[in-house]
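# Reading the structure
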Amino acid sequence: MANSINVFVPRETSAVSLGANEIGDRILSLAVNNKTDITLIRNGSWGMCWLEPLIEVEVNGERIAYGPICIEDVADLFKADFLKGGDHKLKLGKVSDIPYLKNQDRWTFKRCGLIDPVSIHDYCSNGGFDGFTVATKMSTAKIIEEIKKSGLRGRGGAGFPTGIKWQTVANASGDQKYIACNADEGDSGTFSDRMLMEGDPFCLIEGMMIAGLAVGANRGYIYLRSEYPLTREIFSEALNSAKDAGWLGKNIQGTGFEFEIDLHIGAGSYVCGEETAMLESLEGKAGIIRYRPPLPAIEGLFGKPTVVNNVITLASVPDILIKGGDNYATFGIDRSRGTLAFQLAGNIKRGGLVEKAFGITLRELIEDFGGGTATGRDIRAVQIGGPLGAYFPENLLDTPLDYEAFAELEGIIGHGGVVVFDDSVDMAAQARFAMEFCAIESCGKCTPCRIGSVRGIEVIDRIVANKNRDENLKLLEELCDTMVDGSLCAMGGMTPFPVRSAIKHFPEDFIHPPGAKN
Amino acid sequence: MKVTYNKVAADKLIHEIGATPEMLVQILNAFVEKFSYISKEAIRHIAHELNLSRADVHGVVSYYHDHRTEPPGKSLIKICQAESCQAMGSISLTTYAQDLLGIQLNETSADGEITLEPVYCLGNCACSPAIMIDKRIYGRVNSERFDTLIASIQKKN
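Below: a short report on this structure. (Residues numbered from 1 in each chain as written. Chains lettered and ligands numbered in written order. Predicted model: local features only at pLDDT ≥ 70, side-chain atom pairs only at ≥ 80, totals over all residues. Heavy atoms only, no water.)

### Examining the sheet that holds strand β9 (residues 306-310) of chain A
All names here are of chain A. The four strands lie next to each other as β8-β7-β6-β9, forming an open sheet whose pairing is parallel. Because the sheet does not close on itself, it has two edges, and the strands there are β8 (260-265) and β9. Taking the axes of each pair of neighbouring strands and ignoring which way they run, one obtains an average angle of 20° across the sheet. Two elements, strand β6 (residues 178-183) and strand β7 (residues 219-224), share six bridges in a ladder whose sense is parallel. From the neighbouring strand, Ala-183 faces β7, where its bridge partner is Leu-224. Strands β7 and β8 of the sheet are contacted by helix α11 (residues 229-244), whose axis makes an angle of about 165° with β8. (Pairing = 2+ DSSP bridges. Helix = DSSP H or I, 4+ residues; strand = E, 2+ residues; numbered from the N terminus. Axes fitted to C-alpha atoms, helices over the stretch in contact; angles between N-to-C directions. Contact = heavy atoms within 4.5 Å.)

Given below as structure tokens:
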């Protein structure tokens, strides 16, 4: 339709959670009333969640944004002639000029928001599958070499060098190998896997195909959490389109390469985000973690050599092959190379996804991008890296985002989630919650995690109630040591991180709790 | 559409997904989606079809939060209790919801209309606090918005 106007309304969890579907419907019906021909495109989100629902209109080849829109604004937008880019109090101008987006280093998320996520045509016209095409012309050794050169480390949280993992699987002998993508994004404050899978799903598919080429695997699994129903819907559509268009299956695009992907849905267990528990769950069992060794790279899914990578790790791969590993490595600092899709969450004015090179400080992220707290009060604590990450006080905000710098401060970057709390937070309650969450989610295999977490809640309760405080603080320290030393995985092994950081940086919340009797 | 467990529909579901042990978690997920919960009869049926013991199936069912063995209310409301939502008042929202509905977390209202449950992260953390009603997520939920959502459920039911 030559004169049809393109209107973009995101089909993405955050936008939809704020009424994007109803807004899209209202725009369509008012356009009919106005006898205006529009094409409604359900794009992904640009990640500027505080502006959601953010809609765009294409005027003279440029995309003009309006937001945040609520259903009541739609009629008003028509009055303001927004389909021609008319002025309105919610007009934001060209989306690419918004500083929040303009100041990012978009690598993995370069197409997110731009395209219709389930259109193969859109994907291919924006560089899609170019990475795979490049890879088909390379030897497997050369592909792995490029990944090693890029310095890419696992974005799920552990930060293990991806190239070395792939090399291990490539070297392992086995008649069958697998690529298992971990999309069990359970950390509070994180949503980058979800946004990528909703906004640019073919990019993940392409990353998995490249991994398959590199290590000699022809089967891939994606383990997606059940708390993401819309992601499942969008990703399933993308998966079907890829199959229909011959980008999955046998002899892909005449290359002779075969690759299949199955989507599995989790069932509400946080521990299934741990790689061996995820493999158990993919095999149809309870998500109880495995001993390591053997590493999944040697004996993984169904006992076969398996690459287990996070969504963002895999989705970063296609552009590494297109632009070169050296290019990716120009971003970042020290041993943290490339970009990370940070997620600003909790009590923050401008929450959303910020893809930046490593090295940016927490303060730059939270203040320059995030604009401080949503409540306008002072920042008191920031939890980085999910429920197993440490709480940092305000005076540590100048720490650069770098895996090693965080490790030195007994913290983690994890999957890049940054949750901000204002000065109303009670840090003893947060420490208690860390233990409580561990008690709820422990798979039960290791006693220090299963029972230690329950004892941890009790000890913190006694400290807060001023019962033998000094002895109980000492006991809590010992309990944390036992959990760290005696747990097989990060659930029990890292729950002490938030607990200890809360005691270390916010001792006043444990020593003089509100209303406590001395 | 939720339907009552019946052998024919269940058989169809199992064989569509694949009657192999590695599909057990997926089959159980599908049972919850279709029949609202996993009954003892369903466990027996799945065990038979997959050539597993009932204990094997029960072990998996009892592990996962999603694999409920009791029917929930007509509407299932989950309120996020994780850190990001806590930072934006999810605890007071939870108290508000409990008072409004007259039930605690993990309880169903006496008329069988609403079940209230905790959830740990819906991935809508930049729009906290978040809740989920059936399969739909809502963001920036304060007490007024919660009232509106409850009113629309009551109208629908």
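From this point, the narrative continues.
### A short note on the environment of Met209(A)
Relative to the helices and strands, Met209(A) is located in helix α10 (residues 201-215). Contacts of Met209(A), omitting those with residues within four sequence positions, involve Phe129(A), Phe132(A), Trp247(A), Leu248(A), Ile252(A), Phe257(A) and Phe259(A).

### Section: the packing of aromatic side chains
Across all of its chains, the model carries 27 aromatic pairs over all chains by this definition. Look at Phe437(A) and Tyr120(B): their rings are 5.4 Å apart centre to centre, the planes differ by 55°, and that puts the pair in the tilted class. Linking Phe437(A) in helix α17 (residues 427-441) with Tyr120(B) in the loop between β3 (114-119) and β4 (131-133), this pair reaches from one chain into another. With respect to burial, Phe437(A) and Tyr120(B) carry one shared label: buried. (Phe/Tyr/Trp six-rings, centres within 6.5 Å; stacked < 30°, edge-to-face > 60°. Buried < 20%, exposed > 50% of the residue type's maximum accessible area, 1.4 Å probe, protein only.)

### Let's talk about the environment of Ser39(B)
Among the structural elements, Ser39(B) can be located in the loop between α2 (24-35) and α3 (40-50). C-alpha of Ser39(B) to C-alpha of Ile79(B): the two residues are 40 residues apart in sequence and 25 Å apart in space.

### Focus on the packing of helix α20 (residues 469-486) of chain A against helix α22 (residues 496-505) of chain A
Residues and elements named next belong to chain A. The contact between α20 and α22 brings their axes to 10 Å, and the two run at 150°. Considering their axes alone, α20 and α22 lie roughly antiparallel with respect to each other. Considering the relative orientation of α20 and α22, their crossing is left-handed. Residues Leu-473, Leu-476, Glu-477, Cys-480, Asp-481, Met-483 and Val-484 of α20 touch α22, and the partners they reach there are Pro-496, Val-499, Arg-500 and Ile-503. (Parallel < 35°, antiparallel > 145°, perpendicular 65-115°, else oblique. Left-handed = near helix turned anticlockwise from the far one by under 90°.)

### A word on unusual backbone geometry
Peptide bonds are mostly trans, and most non-glycine residues show a negative phi. With an omega dihedral of -10°, the bond running from Gly67(A) to Pro68(A) counts as a cis peptide bond. Mapped onto the elements of the fold, Pro68(A) is located in the loop between β4 (62-66) and α3 (73-79). At the junction of Arg292(A) and Pro293(A), the peptide bond is cis and its omega measures out at -5° in the coordinates. With respect to the element layout, Pro293(A) can be found in the loop between α12 (275-282) and β9. Although it is not a glycine, Ser36(B) adopts a positive phi angle of roughly 75°. Along the chain, Ser36(B) turns up in the loop between α2 and α3. Ser36(B) gets classed as buried once you look at its relative accessible area, which sits at 16%. Phi at Asp134(B) is positive, roughly 55°, even though this residue is not glycine. By relative accessible area, Asp134(B) is classed as partly exposed at 31%.

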